[in-house]
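# Survey of secondary and tertiary structure
Listed here are the chains, written in short residue letters.
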Amino acid sequence: MLNRNSRKFLRFLRKSKPDFDDRVYTYAFIEEHYAKSISMESVFATVRYLDKVGYLEIAKANGVSLGVVLTELSLHPYEFRIERIKNFLFKSILVPIIVSFVTTLITNLLAPNLLQVLLKYLQELL
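About the cut-offs
- Residues numbered from 1 in each chain as written.
- Predicted model: local features only at pLDDT ≥ 70, side-chain atom pairs only at ≥ 80, totals over all residues.
- Heavy atoms only, no water.
- Helix = DSSP H or I, 4+ residues; strand = E, 2+ residues; numbered from the N terminus.
- Buried < 20%, exposed > 50% of the residue type's maximum accessible area, 1.4 Å probe, protein only.
- Salt bridge = Lys/Arg side-chain N within 4 Å of Asp/Glu carboxyl O.
- Pairing = 2+ DSSP bridges.
- Axes fitted to C-alpha atoms, helices over the stretch in contact; angles between N-to-C directions.
- Parallel < 35°, antiparallel > 145°, perpendicular 65-115°, else oblique.
- Contact = heavy atoms within 4.5 Å.
- Polar contact = N/O pair within 3.5 Å; in protein donor to acceptor, adjacent residues only side chain to side chain.
- Expected span 1.5 Å × (residues − 1).
- Bend = angle between axes of the 7 residues up to and from the residue.
- Phe/Tyr/Trp six-rings, centres within 6.5 Å; stacked < 30°, edge-to-face > 60°.

## Regarding unusual backbone geometry
- Positive phi, close to 55°, is recorded for Asn-62, a residue that is not glycine.
- For Asn-62, the location among the structural elements is in the loop between strand 2 (56-61) and strand 3 (64-70).
- Using a relative accessible area of 83% as the deciding quantity, one classes Asn-62 as exposed.

Structure (structure tokens):
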């Protein structure tokens, strides 16, 4: 789950053009265009969190962090959200309905025959 700062930061990155061809947004670019009203420490905290949950990757060269790269999850968040909703609906709603329907059919079809077979068996025993 993303907080407001994370969503705002991702929205800024999606609307901005990367510094390099390989989709890298440098920290200098972020500081110049985004971090005017907030501190860079807050930006770094947001970047660490988004990296941890998979929305960003930290771009490094020779062990030095240069900036961030948007992942597929951050480029198309609504597509992933729709897939999660579909999975939830299928697992939590559709499957129980199908199971209860099939169970009801089996019970209604087998119950009368099963009762007759059971009565015949009990009559033979007595």
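Next comes the rest of the write-up.
## A look at the pattern of salt bridges
- Within the structure shown, the criterion is met by one salt bridge.
- One salt bridge connects Lys-86 with Glu-83, and the closest N-O pair in it is separated by 3.4 Å. With Lys-86 and Glu-83 both in helix 5 (residues 77-125), this residue pair falls three residues apart, about one helical turn.

## Some details on the sheet that holds strand 1 (residues 24-26)
- Taken in spatial order, the three strands line up as 1-3-2 in an open sheet, and their pairing is antiparallel. With partners counted over all chains shown, the strands left at the sheet margins are strand 1 and strand 2, one partner each. The mean inter-strand angle of the sheet, taken between neighbouring strand axes irrespective of direction, is 40°.
- The pairing of strand 1 with strand 3 spans three bridges and is classified as antiparallel. The residue of strand 3 that forms the bridge with Thr-26 is Gly-67.

## With respect to the packing of helix 1 (residues 4-15) against helix 3 (residues 40-53)
- Taken N-terminus to C-terminus, the directions of helix 1 and helix 3 make an angle of 90°; their axes are 10 Å apart at the nearest point. Taken together, the axes of helix 1 and helix 3 lie roughly perpendicular to each other. Judged by residue contacts, Asn-5, Ser-6, Phe-9 and Leu-10 of helix 1 engage Val-43, Thr-46, Val-47, Tyr-49 and Leu-50 from helix 3.

## Description of the environment of Ser-74
- Topologically, Ser-74 is positioned in helix 4 (residues 72-75).
- Residue class for Ser-74 comes out buried when judged on its relative accessible area of 0%.
- For the pair Ser-74 and Leu-50, spaced 24 residues apart in the sequence, the C-alpha separation amounts to 9.2 Å.
- Leave out the neighbours within four places in its chain, and Ser-74 touches Leu-10, Arg-14 and Tyr-55.
- A polar side-chain atom of Ser-74 sits 2.9 Å from the main-chain carbonyl oxygen of Tyr-55.

## Here's the deal with helix 5
- With 49 residues, helix 5 should cover 72 Å at 1.5 Å per step; its first-to-last C-alpha distance of 68 Å lies within 8% of that length.
- In the structure, helix 5 departs most strongly from a straight axis at Leu-110, where the bend amounts to approximately 35° and where the proline Pro-112 lies between one and four residues downstream.

## Side note on the packing of aromatic side chains
- Counting across every chain of the model gives five aromatic pairs.
- Between Phe-9 and Tyr-34 the ring centres are 5.1 Å apart and the planes differ by 65°, which places this aromatic pair in the edge-to-face class. Taken together, the residues span a long stretch of sequence, with Phe-9 in helix 1 and Tyr-34 in the loop between helix 2 (27-33) and helix 3 at a distance of 25 residues.
- Residue Tyr-34 is classed as buried on the basis of its relative accessible area of 13%.
- Relative to Tyr-34, the ring of Phe-12 lies with its centre 4.9 Å away and its plane at 35°, an arrangement referred to as tilted. Taken together, the residues Phe-12 in helix 1 and Tyr-34 in the loop between helix 2 and helix 3 connect sequence positions 22 residues apart.

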